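The lines below spell out each chain.
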Amino acid sequence: MKIVQEVIDVAGGKVYDIAPEGRLDAVTVPALETALQDQLGGGHVQIVLDLSGVTYLSSSGLRAMLHARRQAQAGGGDVLLSGMTPRVREIFEMIGFNSLFHVFDHVADAAAAFAKSAAA
Amino acid sequence: MAQEQHLTVPGRYECLAQISDFVIKAAREAGLSDDDIFHVEMAVDEACSNVIEHAYARVQGNIELACTVPEPGRLTVTIHDQGRPFDPEAVPLPPMGEDATLEMIQEGGLGLYFMRKLMDEVTFSFTPGDGNTLIMTKRRKNSQL
């Protein structure tokens, strides 16, 4: 699985954009977990998970997101989501996960939310 | 006229793609919609991932799948393994819904919740000496069946 990562400078700090591509299932989720842990373990707790390239999402992917968000929040940050495809959005809404995460249309919108939060 | 197709693969993660291809083809032939086919693929993926992770955690074995089309627009998927017994009653369902909070959600049980949301019928059984059998049914949306 390809995972593209980028650091975005925003007012009040840095945002870490993690963009997995392809299927997020039991086979590929460990790679995402590693990418998330690399950032969270280094104290980088402002994370945007860009799902625009994700074509399939299993419960193992949702577990990884839950775990990462809890960890980020414990460190004073958050994991925000962006760019869901209609398929992934349908899954989120079907199981009620849309009420558990903040979801943005674009990475820039999520990064701006971190900046706004820092300014508040 | 009932049609039945079978697939037996080792209970390993690298076989999940082959399993997906098998059920997608069967679901398409059953006349399900693209959305329905996606839901079947997801439910079977969750079920087989659970078998590999839990039933075959300590032993190796096969996953046997059978897809039946009892009538157009209806697909029944049977998944059989000979691993550790699975008791769905022992798995707490996540308290999902509008009032759910991040703190309330346990990370376990999501796969089972998925399967029940995605499929019309989900039935588990365990027979000593034979193993676990999961039967899931999906009906085409807007179908009168």
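Further up the page is the structure itself.
Quick look at the structure, then. No experiment lies behind these values; they were computed from the predicted model shown.

**With respect to the overall build of chain A**
Across its full length, chain A carries four helices and six strands. Helices (α) and strands (β) of chain A occur, in sequence order from the N terminus, as β-β-α-β-β-α-β-α-β-α. Its C-alpha atoms give chain A a radius of gyration of 13 Å, near enough to 14 Å, the size a compact globule of 120 residues would have. Reported as C-alpha extents along the three principal axes, the dimensions of chain A are approximately 35 × 25 × 25 Å. Residue pairs in contact within chain A that sit at least 24 positions apart in sequence constitute 65% of those at least 6 positions apart.

**Comments concerning helix H2 (residues 59-74) of chain A**
Residue and element names in this part refer to chain A. Compared with an ideal rise of 1.5 Å per residue, which puts 16 residues at 22 Å, H2 spans 23 Å between its outermost C-alpha atoms and is within 8% of the ideal. Where H2 is concerned, the buried positions are Ser 59, Ser 60, Gly 61, Leu 62, Ala 64, Met 65, Leu 66, Ala 68, Arg 69 and Ala 72. After H2 finishes, the residue Gly 76 shows a positive phi value of roughly 90°.

**A closer look at the interface of chain B and chain A**
Counting from both sides, the interface comprises 28 residues of chain B and, opposite them, 25 residues of chain A. Around 2,300 Å² of area is buried between chain B and chain A when both sides are counted, 60% of it from carbon and sulfur atoms. Counting across the chain B and chain A interface gives two salt bridges. Here chain B is connected to chain A by five residue pairs in polar contact (both at pLDDT 80 or more). Those elements giving two or more residues to the side of chain B that touches chain A turn out to be helix H1 (16-29), helix H2 (34-55) and helix H3 (110-118) of chain B. In terms of residues, the side of chain B that touches chain A owes the most to one element, H2 of chain B, which gives nine residues. For the side of chain B that touches chain A, the per-class residue count stands at twelve nonpolar, seven polar and nine charged.

**Some words on the packing of aromatic side chains**
Scanning all chains against the criterion turns up five aromatic pairs over all chains. Plain terms: the ring middles of Tyr 56 of chain A and Phe 38 of chain B are 5.9 Å apart, the flat faces sit at 85° to each other, and that makes the pair edge-to-face. Within this pair, whereas Tyr 56 of chain A is found in strand E4 (residues 54-57), its partner Phe 38 of chain B is found in helix H2, the two belonging to separate chains. Pair check on accessibility: Tyr 56 of chain A and Phe 38 of chain B agree, each one buried. Taken together, a centroid distance of 6.0 Å and an interplanar angle of 65° make the contact between Phe 92 of chain A and Phe 101 of chain A edge-to-face. Relative accessible area serves as the criterion here: at 0%, Phe 92 of chain A is assigned to the buried category. Overall, the relative accessible area of 4% leaves Phe 101 of chain A in the buried class. Among the aromatic residues, those joined into a cluster by ring pairs are Phe 92, Phe 97 and Phe 101 of chain A. Sitting above the plane of the Phe 38 of chain B ring, Arg 87 of chain A keeps its charged end 4.5 Å from the centroid.

**Considering the packing of H1 of chain B against H2 of chain B**
To characterise two packed helices, one gives the angle between the axes of the helices and the distance between these axes. Residues and elements named next belong to chain B. Orientation of H1 relative to H2, taken along the N-to-C sense of each, is 145°, at an axis distance of 9 Å. In the packing of H1 onto H2, the handedness of the crossing is right-handed. Along its contact with H1, which presents Leu 16, Ile 19, Ser 20, Val 23, Ile 24, Ala 27 and Arg 28, the element H2 presents Ile 37, Val 40, Glu 41, Val 44, Asp 45, Cys 48, Ser 49 and Ile 52.

Rules used throughout
Residues numbered from 1 in each chain as written. Chains lettered and ligands numbered in written order. Predicted model: local features only at pLDDT ≥ 70, side-chain atom pairs only at ≥ 80, totals over all residues. Heavy atoms only, no water. Helix = DSSP H or I, 4+ residues; strand = E, 2+ residues; numbered from the N terminus. Rg over C-alpha atoms; globule rule 2.2 N^0.38 Å. Contact = heavy atoms within 4.5 Å. Expected span 1.5 Å × (residues − 1). Buried < 20%, exposed > 50% of the residue type's maximum accessible area, 1.4 Å probe, protein only. Buried area = accessible area lost by both parts, 1.4 Å probe. Salt bridge = Lys/Arg side-chain N within 4 Å of Asp/Glu carboxyl O. Polar contact = N/O pair within 3.5 Å; in protein donor to acceptor, adjacent residues only side chain to side chain. Nonpolar A, V, L, I, M, F, W, Y, C, P; charged D, E, K, R; others polar. Phe/Tyr/Trp six-rings, centres within 6.5 Å; stacked < 30°, edge-to-face > 60°. Lys NZ or Arg CZ within 6 Å of the ring centre and 35° of its normal. Axes fitted to C-alpha atoms, helices over the stretch in contact; angles between N-to-C directions. Left-handed = near helix turned anticlockwise from the far one by under 90°.

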